[in-house]
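Next come the chains, spelled out residue by residue.
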Amino acid sequence: MRTPLTRANRRGRVTVIVLAALFLLFTLFDRAINAWTDWLWFDEVRYRQVFTGVLATRLVLFALFGIGMGVIVALNLYLAYRLRPLLRPHSLEQQTLDRYRLLLAPRIGSWTGGFALLVGLFAGLSAQGRWQQWMLFANAQRFGVSDPQFGQDVGFYVFEYPFWRYLLGAAFAAVVISVLGALAMHYLFGGVRLQGAGDRMTVAARAHLTTLVALFVLLKAVAYYLDRRGLLLGHNDSADVSGAGYTDINALLPAKEILAWISVVVAIAILVFSNAWMRSLLWPGVAMGLLVISAVAIGGVYPYAVQSFTVKPSPLSKEPPYIQRSIDATRQAFGLSDVKVSTYDAANTTPSASLAADKGTVANIRLLDPAVVSDTYTQLQQVRGFYDFGDKLDIDRYPFQGNTQDYVVGVREINYDRLTAQQGNWQNRHTVYTHGYGFVSAPANQLVCGGQPLFVSGFLNDGGQEKKPAGSEACSSPTEQINTSQPRIYYGERMRDYVVVGNVANRDGEFDRPTAGADQYFTYDGKGGVAVGSYWRRVLYAAKYREANFLLSSVFNQNSKLLYERTPRERVEKVAPFLKLDGDPYPAVVNGRIVWILDGYTTSSTYPYSQRVNLRDATSDAQTGSGTFAQAREEINYLRNSVKATVDAYDGTVKLYSYDDTDPVLKAWNQAFGGNLILPRKDIPAELEKHFRYPEDQFKVQRDLLARYHVTAPDQFFSGPNFWQVPDDPSPDTAQRGQKQPPYYLVAQFPGQEQPRYQLTAAMTPRGRPNLAALMSASLVNGKPDIQLLQLPEGTITDGPSQVQQRMTSMPDVTRDLNLFRSQNSKPIYGNLLSLPVDGGMLYVEPLYIRSTNDTSYPLMRKVLVSYGKYVAYEDTLQAGIESLIRQATGQAPQPTPPAGQPPAGQPPTTVTSPPASAALAEAAGKIQQAITDLRAAQQSGDFEKYGQALKALEDAVKAYQALQQHGGGAPAPAGSRPSSPPSAAPSPSASTSP
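Residue positions within a chain follow its written sequence, with the count starting from 1. Only residues with pLDDT of at least 70 are given local features in this predicted model, and only at 80 or more are side-chain atom pairs given and counted; all residues enter the totals for whole chains, interfaces and linings. Water and hydrogen atoms were dropped before computing side-chain values, which therefore reflect all heavy atoms in the structure.

## Looking at the pairing of strand β5 (residues 394-400)
Two faces, one strand: in a regular strand the side chains alternate between the faces of the sheet.
Part 1: For β5, the tally of buried residues reaches 5 of 7 residues, placing the bulk of the element in the interior.
Part 2: A pair of strands is treated as paired once DSSP finds two or more bridges between them. Helix and strand assignments follow DSSP, with helices taken as H or I runs no shorter than four residues and strands as E runs no shorter than two, numbered in order from the N terminus. Counting the residues between successive antiparallel strands, the hairpin from β5 to strand β6 (residues 403-411) contains 2 residues, one of them, Q401, with a positive phi of roughly 50 degrees. Partly exposed residues are those whose accessible area sits between 20% and 50% of the maximum for their type, while under 20% is buried and over 50% is exposed, using a 1.4 Å probe and protein chains only.

See the structure below:
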């Protein structure tokens, strides 16, 4: 007869089962949807082997470790149950346990299986996360380099050691859980007793448990053996280097070997004394105690004594061989073995006339700072409010009049956060505003129209730019100088939203660009995207994005495609999840196509004796997070730029090219995914390779390491008197944050270089001191990395970046102007401070930008700060600054600064208040007044081209007026007409924000 309690219990069980089923349904449903859409995405990019390879590996590891762990635990629990005594002595303890036995015994298989299933589930989840370790283990390669202690190939440590460690840890976990589970089972069913007459443990229980304990001790012996190899991955505190030191090799290493043999003996003793001879736990307990005492004495006390009484009193006599091992391994692991070190005296402190004639470096000095002028590009090339160039532009080089010229480049993307409320509805956001347009570039060393870049590409009008009247200064090139056959940007750094593309009702439905005539529309015809023409595909993505418009909107048709995962980093990270990507992807025009180029790194944390570095800390500087991505906080001790990846900005095609065919880690990954995941280096198009550059994050890591590891003598490394440091960014805009000075790309010809080259450069200072210690540069020469270190002689004192910055900004003229610029209407912005070894000395160049504080303002370069030796110049142009340095060095008085007042930044100069004293002066003053009137009109209308022309006309008129004064005109200059400090930029012209 069923009772109400029975029915209540049954309803409770049903409720629990239903809730559990719903939980699993929703959890598995989301995972199934994501897996299905990922499969479609990988099919689109033609990298299905990555999806299937990773998925299959994770499933196999989950199954093997989950089933293995579950079976081991279940067998031991079942064995403990089968070995239970049939007769148990009567005691209060056993009477208490009877109620639990009655509960478990009828369903012992279910309870045992459930517990084993739970253990297997957690074991499988842990194991599937180790898919990268397994893939490297299964596809291990040889490095061809042996460790200095055991002579083992480095490939064992990089590929095999991590997985052996995990496998050993899993075995320990299985044995420990089995011991605890078996002990509980034996106790519950009377095999182990705490009360009553006779033995406390049956023979069967003792044999079972002691076998498991012996197995644990044997695993400990294996662990001691692996620990011997692991010593080479540790840290030598005596010398503050990585790897095993004197104490590790001479005390801890033999101790580990002795303890391994002791563990084997103890395991045998446990089995013999417990089961075959005395059948007592006393002697096995003594053996375990001896193992613990041995581990403390041999593995702890003895090494401590050696360290305290042998190494610590005189580490310099013991540690040099091990310091040398770390130096050699670190330089090898991070690609520093072939650094070219040369001495640069920087003894010349007097600029000569040859400085102005220098064609290798001075002629190529970059004045546009890509971290500053992004807003300038946005305002001058935006046209519509939703276009954006990001927080930071990029530097690349293109041919220019037979030479290599560096350009500041960017692509005009859509910033979806800037869409208006009307533009931001689902249809507009995901089907109309689908792409950006144009590759915008400007020479990095040319300025026009009062401090603007000279734009030479990326124009929205098909016919190029408007022709200028004869004699007027053009603010942009009349025609495209870097031509693109497909200027549309469907994949970019700001393209984070998915979009639906395809012909809608036989008309173009995607906003393309505004032109002088009318807004243009377009229909995507690229091969990128996942087809969503069928109803069930739309159901799938409606579930993925939780968006009903996939089923309700009329924009879908049989040609519809869905574009998602549209940022270059996202695409490459999914295709090559084993790579670390550089924080600064950059666009380039290759054979008429706009492609994103990304540097991919292979890494490891188990290279013996190599110094470990935190990847995020080593690559962070004053610009990290503002247009560049921060790296993960991960410890590594091996780094190679082995892959150059590209993403087509129009169709999203991803290609991975091998750039270091000798890298064993890359070989292992390529083999793991079938051998054709990475294209060989010979397949790199020649036009693409011209745009490859030395990767920035790798340079930063190497720079941090070379601050110490440029010292190769162990005794000097130990004392550290010649260590360097990366200086803080000296710019007042970032100095208070204490961030490292970023390295800079530039075209320059450093000493020892036969011709100008595109290279990444950085200054180094002595540790704890501000003066210059060295200059580091890195470039790609004939497709191979070339690192050069210009080291200043010890004892010389050459000003470093922070000292030069302080000296330049403390000039009276600079201080006066900065006080004027810092107002409610404007603020100064410092550009990159370049450190350039020229003409036997050090030339420092820093552009100074002024920006109005209104919402639509943008930075314009107004001044250049230049320093050489003890001479400092502050001029409108770089050429004028170089000439000023030369005049100062030759004893010529610098050109006088006009005494005229400076108008408030952001406002046009005031009207003329002092009438001229002659007809010529009157005519000149009239031109000034007319230029002021035109300037005001251009500022109010927002026409930046007319504004630049009026600003140039004002400067010319003021100079003519001052020339007349100097020749006897006698009248004072008009107030506010000082040409060296023109007004800040006016708002850029802007059309309607909707197409």
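## A few points about the state of the cysteines
Part 1: Cysteine sulfur atoms are paired as a disulfide whenever they fall within 2.5 Å. Scanning the entire structure with this criterion turns up 1 disulfide.
Part 2: A disulfide bridge connects C449 with C475, and the sulfur atoms are separated by 1.9 Å. The chirality of the disulfide connecting C449 with C475 is left-handed, given an S-S dihedral of about -105 degrees. In this pair, C449 is assigned in the loop between β10 (447-448) and β11 (452-453) and C475 in the loop between β11 and β12 (488-489), connecting sequence segments 26 residues apart. Across the pair, exposure class does not vary: C449 and C475 are buried alike.

## Quick look at the nonpolar core
Part 1: Among buried residues, the Ala, Val, Leu, Ile, Met, Phe, Trp, Tyr and Cys ones that are joined through side-chain atoms within 4.5 Å form a nonpolar core. Grouped together as the largest cluster of nonpolar side chains are 244 residues, with contacts concentrated most on L656 and L843.
Part 2: In terms of residue count, helix α6 (residues 154-188) provides more of this core than any other element does, 17 residues in total.
Part 3: We call two residues contacting when some pair of their heavy atoms lies within 4.5 Å. Setting aside anything within four residues of it in sequence, one finds L656 in contact with Y47, V572, V575, A576, V643, K644, A645, L677, I678 and L679.
Part 4: V217, V266, A269 and L291 belong to the second-largest nonpolar core, a separate cluster that totals 8 residues.

## Quick look at helix α24 (residues 812-821)
Helical periodicity: at 3.6 residues per turn, an α-helix aligns residues three or four positions apart in one direction.
Part 1: Those residues of α24 that fall on the buried side of the exposure criterion are V814, D817, L818 and F821. Buried residues in α24, looked at end-on, bunch into an arc of 105 degrees, giving them a common side.
Part 2: Taken together, the buried residues of α24 touch α23 (801-809), β30 (826-830), β32 (841-852), β33 (860-868) and β34 (871-875). By arc we mean the arc of the directions from the helix axis to the C-beta atoms, nothing more.

## What to know about the sheet that holds strand β16 (residues 530-531)
Part 1: With antiparallel pairing, 3 strands are arranged side by side in an open sheet as β13-β17-β16. Each of the sheet's edge strands pairs with one partner strand only, and the pair in question is β13 (499-501) and β16.

## Examining the sheet that holds β5
Part 1: With antiparallel pairing, the 3 strands of this open sheet are ordered in space as β5-β6-β9. Each end of this open sheet is capped by a strand with a single partner; those strands are β5 and β9 (439-443). Averaged over all adjacent pairs, the angle separating strand axes in this sheet is 40 degrees, with direction ignored.
Part 2: Of the pairings in the sheet, the one linking β6 to β9 comprises 5 bridges and is antiparallel in character. Considered in β9, the bridge of Y407 is made with P443. To define axes, lines are fitted to C-alpha atoms, for helices over the stretch in contact only, and angles between the resulting N-to-C directions are given on a 0 to 180 degree scale.

## Things to note about the pairing of β32
Part 1: The buried fraction of β32 is high, at 12 of 12 residues.
Part 2: Burial along β32 is two-sided: the residues G841, L843, V845, P847, Y849 and R851 and M842, Y844, E846, L848, I850 and S852 are all buried.
Part 3: Summarising the sheet, strand β31 (residues 834-838) and β32 pair through 5 bridges and their orientation is antiparallel. If you follow P837 over to β32, its bridge partner there is M842.
Part 4: Direction of pairing for β32 relative to β33: antiparallel, over a ladder of 8 bridges. Among the inter-strand pairings, V845 is bridged to a residue of β33, identified as V866.

## Details of helix α5 (residues 131-138)
Part 1: Listed in full, the buried residues belonging to α5 are W131, M135 and L136. Looking straight down α5, one finds its buried side chains confined to an arc of 135 degrees; they lie on one side.
Part 2: Buried residues along α5 sit against α2 (48-82), α4 (108-128), α6 and α19 (664-672).

## Section: the pattern of salt bridges
Part 1: Within this document, salt bridges are pairs made up of a side-chain nitrogen of Lys or Arg and a carboxyl oxygen of Asp or Glu, the two lying within 4 Å of each other. Applying the stated criterion to the full structure yields 40 salt bridges.
Part 2: In this structure, the salt-bridge partner of R816 is D813, at a minimum N-O distance of 3.0 Å. Separated by 3 residues within a single helix, R816 and D813 lie in helix α24, roughly one turn from each other.
Part 3: Classification of R816 by relative accessible area gives partly exposed; the value is 33%.
Part 4: Shared partners join several salt bridges into a network, and the residues in it are D621, E696, D697 and K700.

## A word on the packing of α2 against α6
Part 1: Taken N-terminus to C-terminus, the directions of α2 and α6 make an angle of 25 degrees; their axes are 9 Å apart at the nearest point. As far as their axial angle goes, α6 and α2 are roughly parallel. Note that α2 runs across α6; the crossing there is right-handed. Two secondary-structure elements touch here, α2 through F65, M69, I72, V73, N76, L77, A80 and Y81 and α6 through F163, Y166, L167, A170, A173, A174, I177, S178, G181, A182, M185 and H186.
Part 2: A per-class count over the contact of α2 with α6 returns 16 nonpolar, 4 polar and no charged. Orientation categories follow fixed angle ranges, with anything under 35 degrees roughly parallel, anything over 145 roughly antiparallel, 65 to 115 roughly perpendicular, and all other angles oblique. By definition, turning the near helix anticlockwise from the far helix through less than a right angle yields a left-handed crossing, and turning it clockwise yields a right-handed one. Ten residue types, Ala, Val, Leu, Ile, Met, Phe, Trp, Tyr, Cys and Pro, are classed as nonpolar, four, Asp, Glu, Lys and Arg, as charged, and the remainder, Gly among them, as polar.

## A look at the environment of F65
Part 1: Mapped onto the secondary structure, F65 falls in helix α2.
Part 2: For F65, a relative accessible area of 15% corresponds to the buried category.
Part 3: C-alpha separation for the pair F65 and G120, spaced 55 residues apart in sequence, amounts to 7.1 Å.
Part 4: In this view, F65 contacts A123, A127, F163, Y166, L167 and A170; residues no more than four positions away in its chain are not counted.

## Some details on the side chain of Q405
Part 1: Mapping Q405 onto the fold places it in strand β6.
Part 2: With sequence-adjacent residues up to four places away left out, Q405 is seen in contact with D396, R397, Y398, F400, P443, A444 and N445.

## Considering the packing of aromatic side chains
Part 1: In this analysis, rings of Phe, Tyr and Trp, with Trp reduced to its six-membered ring, are considered paired at centre separations within 6.5 Å, and the interplanar angle assigns stacked below 30 degrees, edge-to-face beyond 60, and tilted for intermediate values. In total, this model carries 48 aromatic pairs according to the counting rule given.
Part 2: Geometrically, the ring pair formed by F163 and Y166 is tilted, given 6.5 Å between the ring centres and 40 degrees between the ring planes. One end of the pair, F163, and the other, Y166, are both in helix α6, 3 residues apart, so they sit about a helical turn from each other. Taken as a pair, F163 and Y166 share a single burial class, namely buried.
Part 3: Ring pairing ties together the aromatic residues W426, Y498, Y541, Y545, F550, F556 and Y564, which thus form one cluster.
Part 4: Throughout this description, the term charge over a ring refers to an Arg CZ or Lys NZ atom that lies within 6 Å of the ring centre and within 35 degrees of the ring normal. The ring of F629 is capped by R569, whose NZ or CZ atom sits 4.6 Å from the centre of that ring.

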